[in-house]
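Here is how the chains run, residue by residue.
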Amino acid sequence: MKLEAVVPWGRSLAEYRAMFDLRDADLHGEILDCGGGPASFTAEHTAQGGRVLACDPLYQFSAAEITRRVEATYETILDGLRQHGDRFVWNQWATPEALGQARLATLDLFLADFPVGKAAGRYVVASLPRLPFAAGQFELALCSHLLFTYSEPFSTAFHQAALRELARIAREVRVFPLLENFSGCRSPHLEPVMVNLRTQGYAVQICPVPYEFQRGGNQMLRVYRA
Ligand SMILES: C[S@@+](CC[C@H](N)C(=O)[O-])C[C@H]1O[C@@H](n2cnc3c(N)ncnc32)[C@H](O)[C@@H]1O
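Structural notes, computed from the coordinates. The model shown is predicted, which means the values in this text are computed figures rather than measured ones. (Residues numbered from 1 in each chain as written. Predicted model: local features only at pLDDT ≥ 70, side-chain atom pairs only at ≥ 80, totals over all residues. Heavy atoms only, no water.)

So, the overall build of the chain
Helix and strand counts for the chain come out as six helices and seven strands. Written out in order from the N terminus, the α and β elements of the chain read α-β-α-β-α-α-β-β-α-β-α-β-β. Here the C-alpha coordinates of the chain stretch approximately 45 × 40 × 35 Å along the principal axes. Residue pairs in contact within the chain that sit at least 24 positions apart in sequence constitute 70% of those at least 6 positions apart. Carbon and sulfur atoms make up 53% of the accessible area of the chain, which totals about 10,000 Å². (Helix = DSSP H or I, 4+ residues; strand = E, 2+ residues; numbered from the N terminus. Contact = heavy atoms within 4.5 Å. Areas by Shrake-Rupley, 256 points an atom, 1.4 Å probe, with all protein chains shown as cover.)

Below, the structure is given as structure tokens:
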């Protein structure tokens, strides 16, 4: 799969808290943001004293190259939001333009942290389904807008291997959302992924979360050792 098929569009700590229904207690252990892209979760949580790593193939690029990649896709994403506005809930942001500005503010927070964070080992170049981390290294692994979102380029087998890998390295895994990008339908990979994880001895739950931008996208998947 080409990296270009996945857009670099990043969300804030406040959005991560809502998307994954994160309470203060959830933020105490070491966290992995898998497919973190230009999200500011790692920058903001680190600034607040949290322990967090982000991994993404995007991190092979420099801050200037990542900025160019975001700028190159920015108008296309906004056009998509304008054309399919009815598929989204416009309460947090009134317009696609307001959302775009929020995403650029998030990008700025990420960019301010990225060079120093990469040097410190907080931004790791790595791709699912194989990650360079030890078993049980993280208390919690988060994956936002990658798995299930990109159901078309990534197969069921890829999703199953990716979730097993995340469950190997973290005591608990949370994935949001469970819908495919734009179509708004629940990912066809969700059911076979849940069956596969249960046969491997994991507990799997679909939980409601206090976040809904994609209409109907207000649930996350939780995976943990039963
Ligand atoms: C839509 S962005 C989401 C960024 C962030 N998680 C958020 O929600 O704000 C998806 C990210 O997944 C990354 N990605 C693509 N393929 C990946 C893979 N195989 N393993 C890990 N990350 C990947 C992309 O580079 C991109 O930064």
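Past the structure itself, the notes keep going.
Describing the site of the ligand
Near the ligand you find 21 residues, and of these Arg11, Gly35, Asp56, Leu128 and Ser144 are the closest. At a separation of 3.0 Å, a nitrogen atom of the ligand approaches a polar side-chain atom of Tyr16. Within the side chain of Asp56, an N or O atom sits 2.6 Å from an oxygen atom of the ligand. If the ligand stood free it would expose 600 Å²; the protein chains cover 97% of that surface. For the shell around the ligand, the residue count by class is twelve nonpolar, seven polar and two charged. (Near = heavy atom within 4 Å. Polar contact = N/O pair within 3.5 Å; in protein donor to acceptor, adjacent residues only side chain to side chain. Nonpolar A, V, L, I, M, F, W, Y, C, P; charged D, E, K, R; others polar.)

These values are about where atoms sit, not about what they do.
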